[in-house]
Structure formats: structure tokens, C-alpha cells
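So you can see what is in the structure, the chains are spelled out below.
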Amino acid sequence: SETDRLAELNKHRPPEGYTMFIVSVICAWSPDYTMNLLAQGADPLLTDIYGNNALHVAAKENRPLWIPMLIDNGVIPLDTLSTPGQTALWYAGERGFLCIVVLLVEAGADTEKTGAGILTPLGIAQVNRHTAVANYILYESPKVRNQAWRRRRPFAIVLSSIKNVE
């Protein structure tokens, strides 16, 4: 029946609890195959045992062809947190995947969102010495291009207060 077919399609498979949708991203079969799974009723919001959805996996596995497909039309929300508190942007920053970082940030991913006690995507990129990723987030991301954002940064507040001291 249709219910059994959907249940099999969305079934979590041991040991990591991957769904067929997540496996299609991990194995990099093709974006068309993954889209076909969506059309058949695969649930893109299902996660593995670590709370990672397909967008997290695409960022971790450096799958730039999957990112636009997964975020277009809100298939998967950009800033969804995994169980430990990481976003897809955090995983891309951790591994130094500049292309993925650019795709996510340009689509509107929050460069400062993480769970409690977790470094930001910028922080994890710096810790792992991924300077290209860190420099993009610091100097080239859309948020930085907006001058109002710079005024809210603590160092900018300190510098402006020093400048006004006589």
C-alpha cells in the first residue's frame, strides 16, 4: 500500500539511522535522484541518530550541488540545529569547505547561530585554521557588507567610543 511504501522510504536504517534521502546525499548519487525521492514522498526533515538532516550531511560531505536544492523553497530550514547544536554552516566551517560556506551564507544562513557552548562557524573555522572560510565570514559575507551590522560589533563600539574621547 501507499502507507507501507512511504514508511519504507522514510525508514531509519542502522547503525546511524540514515534515511534513504540522507543516503542519497552521502553517496552523491545525483541531485536528480534526491529530487525524485522528494517527489515520491521522502521526508527531508528526518534526521539521523545525531540530529543531522540532509542539509547538515551535504555540508559535512562537501556536496555543493545539493545545497541549493535542499534550501530552495524551504525544503530544509537553513539554521536547523543538530542534536549537539551545530548548523550546516558550522559543519562547513569546521571542515573548511569554502564553496559550501558561501552558498549557505549567501542564502541567508546565520553566521552566529549555534547551540549552547558551541563555537560559532567563524570560531570553528579559526580553530581549525581554515583562513579562507574565516576571512569570508569576517570580511566578505553579506552581513559584513551591511554597515549597520558592523556598528553592532563590540570592537566597533569600543573603537567609536575611543574616537569620541577628548
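Here the structure is a predicted model, which means the values were calculated and not measured.

What about the environment of glutamate 140?
(1) Moving on: Of note, glutamate 140 is situated in helix 9 (residues 131–140).
(2) Moving on: Classification of glutamate 140 as partly exposed rests on a relative accessible area of 46%.
(3) Moving on: Distance in space between the C-alpha atoms of glutamate 140 and valine 102 is 9.4 Å, their sequence separation being 38 residues.

With respect to unusual backbone geometry
(1) Moving on: Although it is not a glycine, asparagine 62 sits at a positive phi angle of roughly 60°.
(2) Moving on: Mapping asparagine 62 onto the fold places it in the loop between helix 4 (54–60) and helix 5 (66–71).
(3) Moving on: Look at arginine 129: it is not a glycine, yet its phi comes out positive at around 60°.
(4) Moving on: Mapped onto the secondary structure, arginine 129 falls in the loop between helix 8 (121–127) and helix 9.

Details of the nonpolar core
(1) Moving on: One finds Ala54, Leu55, Ile67, Leu70, Val101 and Leu104 to be the most contacted residues of the largest nonpolar core, which totals 35 residues.
(2) Moving on: Elements supplying a minimum of two residues to this core: helix 2 (20–26), helix 4, helix 5, helix 6 (88–95), helix 7 (98–106), helix 8 and helix 9.
(3) Moving on: Sequence-distant contacts of leucine 70, defined by excluding residues within four places in its chain, comprise Phe21, Ala54, Leu55, Ala58, Val75 and Ile76.

Quick notes on the packing of helix 6 against helix 7
The geometry of a pair of packed helices is captured by two quantities: the angle between their axes and the separation between those axes.
(1) Moving on: Running from amino to carboxyl end, helix 6 crosses helix 7 at an angle of 155°, the nearest separation of the two axes being 8 Å. Comparing the axis directions of helix 6 and helix 7 gives the class roughly antiparallel. For helix 6 against helix 7, the interelement crossing comes out left-handed. Counted together, Ala88, Leu89, Ala92 and Gly93 of helix 6 and Ile100, Val101, Leu104 and Val105 of helix 7 form the full contact between these two elements.
(2) Moving on: Residues belonging to the contact of helix 6 with helix 7 are distributed by class as follows: seven nonpolar, one polar and no charged.

Section: the environment of lysine 11
(1) Moving on: Take lysine 11: it is sitting in the loop between helix 1 (2–9) and helix 2.
(2) Moving on: When residues no more than four places from it in sequence are discounted, the contact partners of lysine 11 are Tyr18, Thr19 and Met20.

Some remarks on the packing of aromatic side chains
(1) Moving on: A full pass over the atoms with the stated rule returns two aromatic pairs.
(2) Moving on: The interplanar angle of 85° and the centroid separation of 5.1 Å between the aromatic rings of tryptophan 29 and tyrosine 33 together place this pair among those described as edge-to-face.
(3) Moving on: For tryptophan 29, a relative accessible area of 42% gives the class partly exposed.
(4) Moving on: Ring geometry for tryptophan 90 versus tyrosine 91: centroids 5.5 Å apart, planes at 85°, classification edge-to-face.
(5) Moving on: A relative accessible area of 6% means that tyrosine 91 is categorised as buried.

Conventions and cut-offs
Residues numbered from 1 in each chain as written. Predicted model: local features only at pLDDT ≥ 70, side-chain atom pairs only at ≥ 80, totals over all residues. Heavy atoms only, no water. Helix = DSSP H or I, 4+ residues; strand = E, 2+ residues; numbered from the N terminus. Buried < 20%, exposed > 50% of the residue type's maximum accessible area, 1.4 Å probe, protein only. Core = buried A, V, L, I, M, F, W, Y, C linked by side-chain atoms within 4.5 Å. Contact = heavy atoms within 4.5 Å. Axes fitted to C-alpha atoms, helices over the stretch in contact; angles between N-to-C directions. Parallel < 35°, antiparallel > 145°, perpendicular 65-115°, else oblique. Left-handed = near helix turned anticlockwise from the far one by under 90°. Nonpolar A, V, L, I, M, F, W, Y, C, P; charged D, E, K, R; others polar. Phe/Tyr/Trp six-rings, centres within 6.5 Å; stacked < 30°, edge-to-face > 60°.

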